[in-house]
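# Working through the structure, step by step
Given next are the chains, with one letter for each unit.
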Amino acid sequence: MAKKKPRDLRYRPVYAVALDPSGTWRVTGCRGRRGRGGFADRADAVAHAEHLASGHVVAQVQVFDADGSLVSDRALFDPEMRQAAEAFLEAYLAPFRDIAYTSNLLEGWEYAENLDLRIGDDVVRLSLSAHEGQMYDEIHVSGSIWDEFFGPKIAEDAFVLWPGE
């Protein structure tokens, strides 16, 4: 079985809210399907799009104005899956809070790793990095779980380790 890669933005489920030619608001689904229309106002259509997006770890909701211009384009995260990702990241970073453990991992002055994780039906990426600070007596550690590198993170944490703490 082939290893499933993290999704980038073009594979993220997208729900678009736009004015229908009939004068009502329509929510178009992930792959541009016809979707559901007949919403009297944009707020109801946005609420429906957010409900549809809640079934994914992360989904994109795009809202267009009556003239077709983009009003908002944002990522929505499923709260339960986000909590699971945050708990996983916290547990994964626990050994890195020990300065001796983390110091032994540094090659030269840095350490990095990337892992693919399955959360629900989605595969996302965990990235971890550690490096010495400017004064060489502290170590900076940061970890994040994401589905696209430049987008908002599903979970993230960062801390600094000092000798003697």
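To be clear, the structure that these remarks concern was listed above.
All values derive from a computational prediction rather than experimental measurement.

Another point: the packing of aromatic side chains. Scanning the entire structure with this criterion turns up 4 aromatic pairs. In textbook terms, an aromatic cluster arises when at least three aromatic residues are bridged by ring pairs, as seen for Phe88, Tyr92, Phe96, Tyr101 and Tyr111. Geometry around Phe159 places Arg97 over its ring, the cationic atom sitting 4.0 Å from the centre.

Another aspect to go through is the sheet that holds strand S6 (residues 110–119). Pairing is antiparallel across the open sheet formed by 4 strands, whose spatial order is S6-S7-S8-S9. Because the sheet does not close on itself, it has two edges, and the strands there are S6 and strand S9 (155–161). Each strand of the sheet is rotated relative to its neighbour by a mean of 10°, with strand direction disregarded. Looking at chain direction, S6 and strand S7 (residues 122–132) are connected through 10 bridges and run antiparallel. Residue pairing in the sheet places Ile119 in a bridge with Asp122 of S7.

Calculation notes
- Residues numbered from 1 in each chain as written.
- Predicted model: local features only at pLDDT ≥ 70, side-chain atom pairs only at ≥ 80, totals over all residues.
- Heavy atoms only, no water.
- Phe/Tyr/Trp six-rings, centres within 6.5 Å; stacked < 30°, edge-to-face > 60°.
- Lys NZ or Arg CZ within 6 Å of the ring centre and 35° of its normal.
- Pairing = 2+ DSSP bridges.
- Helix = DSSP H or I, 4+ residues; strand = E, 2+ residues; numbered from the N terminus.
- Axes fitted to C-alpha atoms, helices over the stretch in contact; angles between N-to-C directions.

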